[in-house]
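Residue-level structural notes
Letter by letter, the chains look like this.
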Amino acid sequence: MKHAPRAHLQILTYVGLVILCFAVLYPVMLVCKKAFEPGTQFALSASPIPSSFTLDHFSHLFTERGANGELLFLRHAINSIVVALLTTVVGVSLSCTAAYALSRFKFPGRKTGLTMFLVVQMFPATLLLLPLYVILNKLGLLNSVAGLVLVYSTTAIPFCVWTLKGYFDSLPRELEEAARIDGASPWMIFRKIILPLSRPALAVTALFSFMTAWNEFIMASTFMTNQTKYTLPVLIQSSVTEFSADWGLFAAGAVITSIPVMVAFYVLQKYLVGGLTAGAVKG
Amino acid sequence: MTTVVRQLRDFAVGAALCVLIASAAFVGVRNRELADHQRALADRAASEIADGRTLPDVHAVIVGAATPSKKRSYLKTRQIKDAGVWRALTATAPGATADDKLFYDAATRFDRAPELDAAFTALLSDGSGRALAVRAAKDGLAMALTAPAHPAPYPFLVFIGVLGLGAAFAAAGALVGGRAVRVGTTAGIAALAIPCFLWNSWIAGSLIVLIGLGLALAQSTQLTDRFAAGMRSHKTALGFLAPAAISMLVLVLAPFVIGLVLGFYDHHHGTWSFVGLHNFGEILSGGGRALDDPLNFWFIFGVTVLWTLANVAFHVTIGVALALVLSRTWLRGKGVWRMLFIVPWAVPNYITALIWKGMFTGEYGAINSVLHVFGLDGVSWFSSWATAFSANVITNTWLGFPFMMVVALGALESIPKELYEAASVDGASGWQRFRHITLPHLRPALGPAITLGSIWTFNMFNVIFLVSGGQPGGSTNTLVVDAYRWAFERGERYGMAAAYGTIIFLILLLWTVFGSRIVRSKGSES
């Protein structure tokens, strides 16, 4: 650490990093290339630069119509947004008070509760897929936004509880004590002091829940079998099945749906790592 | 007076639980009775129609054998004898009814399942309560479809009656005082068991009586009073906790318990039957399949373990190696490098999986083109186990290493520079510095990250499902993917899928309890 290595070693490191970087970014470049290159085949050459340029895939994506003449992409984008927004609202609103209770109050079963929320978050939704499917089928909630929101909430709520609890732990308690001396009730303290102070954390948590719901594929494809009820991941996957694969359409859809979440990811990544490892260490 | 209030409080809590149990018992018994009745009726009607007689309110027909169509031999047509007249069994034929499709499908199913050659009877899965019976007759297949049946209404009056009776018992006991309090509680709760016994639901009835006895015991040790006091003193905390806790109970615990229970049932053509430990036996014994059969649980388990080990090993090695390079003090543009290397993490993983699927597919796919550039032969990636498995691992390594890299980078940043300086002064070599300073500081952060990463990888669904899709012949499926296939691709074997889910859960539980301990103890050794 004291001395920098010799110049040729440094250059070698940079060259190595550039090659590795190219290898890592290659699949992404190929998709971007495919989105602007004519044809339905995925790639006929190893080059990541399109041989000719077209916007056909995007216009095809935006103008494709379903059986009832509705614009499919628009419909699926609305489905995705509605499901992700509702999941976020349900997740954050139901979990913020619990996160506060777990952070501030002492009560029997607190540790068990915390562990339960962590375990539920780690144990994947795929395990609950079948029972949820059987239940939603009985309740007639397959192919409905409400059903999918309920399913996504199973992971969103514990995630929100843990992230928000981590943030509440970091808030100083002096403010609350002062308010308590002035006669504020716990609910007043939570509503008038804690919530306004936690706006950034609430925003970050909400954005993460939104991203998770927006990116979810297997639940959506199992529970939403009616084409008008698809979300964007299901639409994108269905454009490249074994029987008919239109990779141009896939690439255009992939670029459009990934860009917003990738931007959000870059803005939020430092919170994500902190939250995940903090949760794991404490558990 | 307060004893009466306390008594009624305890009774109300116990009774709420018991009413739930009794309702479940009622619904279960009612559905089973209705199904049995409908099936028996369909059975009888089918044998009657085979002899040419009909029963009222049952749609009974004779369906002829499938004969190839004259114009197109691959199309099969059937004749149906409905109300004593033969006609074509097609949606457009005159006299066609809404039940025709059910009859046609049932005939096809009968032909396809020779092991059921004598007859079968099934409840339709559309929730209408209709049952369909099929049996062979001399001029074709005799079929009978019962009319829709509505289950008996929920017995509100019965429940209100027994609740009132029970509350009266409990209050009377409290008024008498002394030992009678507990007798009153038990009698009050036990009153709720009466309807269960009347419905022949012995398990639910005994459960309720046990709850009554348990409640009385809890009262005698003042457990209920202490519990109530605890609830009162932590009123605020519980109030804040309630929204998330209740929704987790409903959304996670209930499906989880239902999943555990479903593992003991078999689901076949829309009907559930209790099979005890049969599913677990079939899974754990490999179902009589050879050990290298892709459907044998132990084969899939082996693939899953290999999959998890390979991926975590690659994630950690690549992640830590990159983090070590990116944390060099002389390296410029650290932020930019970091940003570029975490791109794979930012891309939604179903898109990643599909991209790699596209790159591996085809003789002239992107990966094979790259191989050609280096003068290598193309590989048919999904036709052998080793290459298909490698394709999955490559994809998952690509999307998984950035997490480990970021965790390692964070840990490396927290190592005080003075340690390295002191080590160099003492003449430690580069390897010694890595072995005795870097590694011990990485462990506390990497330990939990590895536990978490191994669980994520074990449960990774999208990559396997979308990249290799289990090819060739299902041999690259892992446990979660195979559980999914039992439920949704192999004739709705929900019971098998649920049993798989339970086994996966137990494996994960063992791994989180013991695995994290192994990782942690290794960390504390050094």
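These numbers come from a predicted model, not from an experiment. (Residues numbered from 1 in each chain as written. Chains lettered and ligands numbered in written order. Predicted model: local features only at pLDDT ≥ 70, side-chain atom pairs only at ≥ 80, totals over all residues.)

1. A look at the overall build of chain B
A tally of helices and strands in chain B yields 20 helices and ten strands. Here the C-alpha radius of gyration of chain B, 33 Å, is well above what a compact globule of 526 residues would show, namely 24 Å. In terms of overall dimensions, chain B has a C-alpha envelope of 100 × 90 × 40 Å along the principal axes. For chain B, buried positions account for 37% of its 526 residues. Put simply, of all contacts in chain B between residues at least 6 apart along the chain, 64% involve residues at least 24 apart. (Helix = DSSP H or I, 4+ residues; strand = E, 2+ residues; numbered from the N terminus. Rg over C-alpha atoms; globule rule 2.2 N^0.38 Å. Buried ≥ 20, exposed ≤ 12 C-beta atoms within 10 Å, placed from the backbone. Contact = placed C-beta atoms within 7 Å.)

2. Digging into the overall build of chain A
Per the secondary structure count, chain A includes twelve helices and zero strands. Along chain A, helices and strands appear, N-terminal first, in the series α-α-α-α-α-α-α-α-α-α-α-α. For 283 residues, the compact-globule estimate of 2.2 N^0.38 gives 19 Å, and chain A exceeds it by more than 25% at 24 Å. Structurally, chain A occupies a C-alpha span of about 70 × 70 × 30 Å along its principal axes. Buried positions account for 42% of the 283 residues belonging to chain A. Restricting the contact set of chain A to residue pairs at least 6 apart, pairs at least 24 apart contribute 71%.

3. Topic: the interface of chain B and chain A
Contacts between the two partners involve 72 residues from chain B and, on the opposite side, 68 residues from chain A. A breakdown of the residues in the side of chain B that touches chain A according to their chemical character gives 54 nonpolar, 16 polar and two charged. (Nonpolar A, V, L, I, M, F, W, Y, C, P; charged D, E, K, R; others polar.)

4. Thoughts on the nonpolar core
In this structure, V161 of chain A together with A408 of chain B are the most contacted members of the largest nonpolar core, which totals 155 residues. Looking at this core element by element, the count peaks at 14 residues for helix α6 (residues 145-170) of chain A. Excluding anything up to four places from it in sequence, A408 of chain B contacts G319, V320, A323, L442 and L446 of chain B. Counting 26 residues, the second largest nonpolar core, distinct from the first, contains I62, A107, V134 and A144 of chain B. (Core = buried A, V, L, I, M, F, W, Y, C linked by C-beta atoms within 7 Å.)

5. Describing the pairing of strand β7 (residues 131-137) of chain B
Residues and elements named next belong to chain B. Of the pairings in the sheet, the one linking strand β6 (residues 119-123) to β7 comprises five bridges and is antiparallel in character. Bridge pairing in β7 links F120 to V134. As paired elements, β7 and strand β8 (residues 140-146) share six bridges and run antiparallel to each other. By the bridge assignment, A137 is partnered in β8 with G140. (Pairing = 2+ DSSP bridges.)

6. Looking at helix α9 (residues 199-215) of chain A
Given a rise of 1.5 Å per residue, 17 residues ought to cover 24 Å, and the 24 Å separating the end C-alpha atoms of α9 of chain A matches this to within 8%. Where α9 of chain A is concerned, the buried positions are A201, V204, T205, F208, S209, F210, M211, A213, W214 and N215 of chain A. (Expected span 1.5 Å × (residues − 1).)

7. Considerations on the packing of α6 of chain A against α9 of chain A
All names here are of chain A. Orientation of α6 relative to α9, taken along the N-to-C sense of each, is 155°, at an axis distance of 10 Å. Classified by the angle their axes make, α6 and α9 are roughly antiparallel. Remark: the crossing between α6 and α9 carries right-handed chirality. Only A201, T205, S209, T212 and A213 of α9 make contact with α6, whose side of the interface consists of Y152, T155, A156, F159, C160, T163, L164 and Y167. Taken together, the residues that form the contact of α6 with α9 break down as eight nonpolar, five polar and no charged. (Axes fitted to C-alpha atoms, helices over the stretch in contact; angles between N-to-C directions. Parallel < 35°, antiparallel > 145°, perpendicular 65-115°, else oblique. Left-handed = near helix turned anticlockwise from the far one by under 90°.)

8. Focus: the sheet that holds strand β5 (residues 85-88) of chain B
All names here are of chain B. Spatial strand order, β5-β4-β1-β8-β7-β6: six strands in an open sheet with antiparallel pairing. Each of the sheet's edge strands pairs with one partner strand only, and the pair in question is β5 and β6. On average, adjacent strands in this sheet sit at an angle of 25° to one another, irrespective of strand direction. Against the sheet, helix α1 (residues 2-50) touches β1 (58-63), β6, β7 and β8, its axis set at about 30° to β7. Helix-sheet contacts for helix α2 (residues 100-112) involve β1, β4 (79-82), β7 and β8, and the interaxial angle to β8 is about 130°.

9. Focus on helix α7 (residues 174-181) of chain A
For α7 of chain A, a buried count of zero out of eight residues is recorded, marking the element as mostly open to its surroundings. One or two residues past the end of α7 of chain A sits G183 of chain A, with phi positive at roughly 90°.

10. A few points about the packing of α1 of chain B against helix α3 (residues 156-176) of chain B
For any two helices packed against each other, one specifies the inter-axial angle together with the distance between the axes. All names here are of chain B. It is at 9 Å that the axes of α1 and α3 come closest, and there the two elements cross at 150°. With respect to each other, α1 and α3 are oriented roughly antiparallel. Handedness of the α1/α3 crossing: right-handed. For the pair α1 and α3, the contacting residues are T3, V4, Q7, L8, F11, A15 and V19 in the first and F159, L163, G166, A167, A170, A171, G173, A174 and L175 in the second. Broken down by class, the residue content of the contact of α1 with α3 amounts to twelve nonpolar, four polar and no charged.

11. Let's talk about the pairing of β1 of chain B
Residues and elements named next belong to chain B. Of all six residues that make up β1, six are buried, and the element is covered over most of its length. Neither face of β1 is open: one carries V58, A60 and I62, the other H59, V61 and V63, and all of them are buried. Pairing of β1 with β8, which is carried by six bridges, proceeds in the antiparallel orientation. Looking at the pairing, V61 lines up with M143 of β8.

12. Looking at the confidence of the model for chain A
Model confidence for chain A is summarised by a mean pLDDT of 84, while 92% of its residues fall at 70 or above. Note on residues 278-283 of chain A: pLDDT under 50 across the span, and ten contacts to partners over four residues away in sequence or across chains. (pLDDT = per-residue confidence, 0-100.)

13. Re the environment of V303 of chain B
All names here are of chain B. For V303, the location among the structural elements is in helix α10 (residues 297-326). In this structure V303 comes out as buried when scored by C-beta crowding, with 22 C-beta atoms within 10 Å. For the pair formed by V303 and T476, sequence separation is 173 residues and the distance between their alpha carbons is 6.9 Å. Non-local contacts of V303, meaning those with residues more than four positions away in its chain, are made with T476 and T478.

14. Some remarks on the confidence of the model for chain B
Across chain B, pLDDT averages 84, with 94% of residues at or above 70. Interface confidence for the predicted complex, expressed as ipTM, amounts to 0.86; the pTM equals 0.77.

15. Here's the deal with the environment of T90 of chain B
Residues and elements named next belong to chain B. Its place among the elements puts T90 in the loop between β5 and α2. Among the residues examined, T90 registers 12 C-beta atoms within 10 Å and is labelled exposed. Spatially, the C-alpha atoms of T90 and G161 are 54 Å apart, while their sequence positions differ by 71 residues.

16. Notes on unusual backbone geometry
Going from Q471 of chain B to P472 of chain B, the amide bond is cis rather than trans, its omega being -10°. Its identity is not glycine, yet N143 of chain A carries a phi of approximately 60°, on the positive side. Turning to its location among the elements, N143 of chain A is positioned in the loop between α5 (125-139) and α6. Its 15 C-beta neighbours within 10 Å are what place N143 of chain A among the partly exposed residues.

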